[in-house]
Amino acid sequence: LLAAATILGGLSLFLSATEKPGGLATRPFLGLLAVMFIGMTAKEQAVLLLPVCILTDLMWNAKGRGLEGSTRFILYGSMTAIVVIQLGLRFMAVGYLTPDTTAIDYIDNPLIQEPFDIRFINGMGLLAMQVWLFLWPEVLSIDYSFDAIPMAQSLSQPAPLAGLVLIAALALFGLLRMGRQPFLCWGILFFVGCSAFTANILVPIGTIFGERLTYVP
């Protein structure tokens, strides 16, 4: 919830800060930086605010309302600085940047010590599962640990194959509609990007799955 509030609240401040051409509105801009800093202190997922703002900027640019070069430099340079500062603070506090695979139990996340290819295969299945729960949230669970979700070993298995086809179709459809319907493209890429962040694809996280991970997309 904190990450979702950070991303959505920060996006609102981003829109306010960039509403008028020719520069940044000072108060919303400073508010955006403060929200990002506080949000990342609470939850790492709040780092998605930066790519979400960039994605929004690209969609505005497709509509002929993009930011000026100097404005982009100040805005994204400042947000990147927040990310670097947070990474530095995290390293000082815990001694590492990526999750410690020895500190997270296999029972909590069976993917925690798996290589990238296995995480990618199962991540595709998890993405398909997220979409299905959005469309038909009939069966939910408070605990998806251990063997609640069967592990896949090949992309040819039904769950990861469905996820791969679904994500590829969504991304292709969104990109094809970028010129005519940029905000439809924004919604698709927002969903795919935010979902992929918690699907154990890029880095393994503390749990394999949970409905709470879908609050942002």
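Residues numbered from 1 in each chain as written. Predicted model: local features only at pLDDT ≥ 70, side-chain atom pairs only at ≥ 80, totals over all residues. Heavy atoms only, no water.

Section: the side chain of T207
Here comes step 1: Of note, T207 is situated in the segment after helix 7 (182-197).
Here comes step 2: Here T207 falls in the buried class, since its relative accessible area comes to 15%.
Here comes step 3: Side-chain polar atoms of T207 contact the backbone oxygen of F209, separated by 3.4 Å. (Helix = DSSP H or I, 4+ residues; strand = E, 2+ residues; numbered from the N terminus. Buried < 20%, exposed > 50% of the residue type's maximum accessible area, 1.4 Å probe, protein only. Polar contact = N/O pair within 3.5 Å; in protein donor to acceptor, adjacent residues only side chain to side chain.)

Regarding a nonpolar patch on the surface
Here comes step 1: Judged by side-chain polarity, F37, I38, I85, L89 and M92 come together as a nonpolar surface patch covering roughly 510 Å² of accessible area.
Here comes step 2: With respect to the helices, strands and loops of the structure, I85 is situated in helix 4 (residues 69-94).
Here comes step 3: With relative accessibility at 43%, the residue I85 sits in the partly exposed group. (Patch = residues over 30% accessible without salt bridge, like charges linked within 9 Å, V, L, I, M, F, W, Y side chains within 5 Å. Areas by Shrake-Rupley, 256 points an atom, 1.4 Å probe, with all protein chains shown as cover. Salt bridge = Lys/Arg side-chain N within 4 Å of Asp/Glu carboxyl O.)

Observations regarding helix 4
In an α-helix there are 3.6 residues to a turn, and that puts residues three or four apart on one side.
Here comes step 1: In this model helix 4 runs 37 Å from its N-terminal to its C-terminal C-alpha over 26 residues, within 8% of the 38 Å that 1.5 Å per residue would give.
Here comes step 2: Of the positions making up helix 4, those classed as buried are T71, L75, Y76, M79, I82, V83 and Q86.
Here comes step 3: Of the surrounding elements, those touching the buried residues of helix 4 are helix 1 (2-17), helix 2 (26-42) and helix 3 (49-62).
Here comes step 4: One or two residues past the end of helix 4 sits G95, with phi positive at roughly 90°. (Expected span 1.5 Å × (residues − 1). Contact = heavy atoms within 4.5 Å.)

A word on the packing of helix 5 (residues 116-135) against helix 6 (residues 158-176)
Here comes step 1: Where helix 5 meets helix 6, the closest approach of the two axes is 7 Å, and the angle between their N-to-C directions is 70°. The angle between helix 5 and helix 6 places the two elements in the roughly perpendicular class. Residues F120, I121, M124, G125, L127, A128 and V131 of helix 5 form the contact with helix 6, whose participating residues are A159, P160, A162, G163, L164, L166 and I167.
Here comes step 2: Its residues assigned to classes, the contact of helix 5 with helix 6 comprises 12 nonpolar, 2 polar and no charged. (Axes fitted to C-alpha atoms, helices over the stretch in contact; angles between N-to-C directions. Parallel < 35°, antiparallel > 145°, perpendicular 65-115°, else oblique. Nonpolar A, V, L, I, M, F, W, Y, C, P; charged D, E, K, R; others polar.)

Focus on the environment of I74
Here comes step 1: Along the polypeptide, I74 turns up in helix 4.
Here comes step 2: On a C-alpha basis, the gap between I74 and L24 in space is 8.9 Å, while along the polypeptide they are 50 residues apart.
Here comes step 3: The residues touching I74, leaving out its near neighbours within four places in the chain, are L24 and F29.

Topic: the nonpolar core
Here comes step 1: Within the largest apolar cluster, 31 residues are counted, with the highest numbers of intra-cluster contacts made by F14, M36, L75, Y76, M79 and F190.
Here comes step 2: Taken together, the elements giving at least two residues each to this core come down to helix 1, helix 2, helix 3, helix 4 and helix 7.
Here comes step 3: Counting residues in hydrophobic clusters, the runner-up holds 10 residues, among them L126, L133, A152 and F209. (Core = buried A, V, L, I, M, F, W, Y, C linked by side-chain atoms within 4.5 Å.)

As for the packing of helix 5 against helix 7
The axes of two packed helices give the description: the angle between them and the distance between them.
Here comes step 1: Contact pair helix 5 / helix 7: the axes reach a minimum separation of 10 Å and the direction vectors enclose 125°. Accordingly, the angle class assigned to the pair helix 5 and helix 7 is oblique. Classified by chirality, the crossing of helix 7 by helix 5 is right-handed. Note on element contacts: helix 7 touches helix 5 through F191, S195 and A196, opposite L127, Q130, V131 and F134.
Here comes step 2: Of the residues contributing to the contact of helix 5 with helix 7, the split by class is 5 nonpolar, 2 polar and no charged. (Left-handed = near helix turned anticlockwise from the far one by under 90°.)

Quick look at the confidence of the model for the protein chain
Here comes step 1: Across the protein chain, the average pLDDT comes to 87, with 100% of residues at 70 or higher.
Here comes step 2: Element-level mean pLDDT values for the protein chain span from 84 in helix 7 up to 94 in helix 2. (pLDDT = per-residue confidence, 0-100.)

Regarding unusual backbone geometry
Here comes step 1: The phi dihedral of F146 is positive, around 55°, even though this residue is not glycine.
Here comes step 2: For F146, the position within the fold is in the loop between helix 5 and helix 6.
Here comes step 3: The exposure class assigned to F146 is partly exposed, which follows from its relative accessible area of 42%.
Here comes step 4: The phi torsion at N200 lies on the positive side, around 65°, for a residue other than glycine.
Here comes step 5: Structurally, N200 can be placed in the segment after helix 7.
Here comes step 6: The buried category is assigned to N200, whose relative accessible area is 0%.

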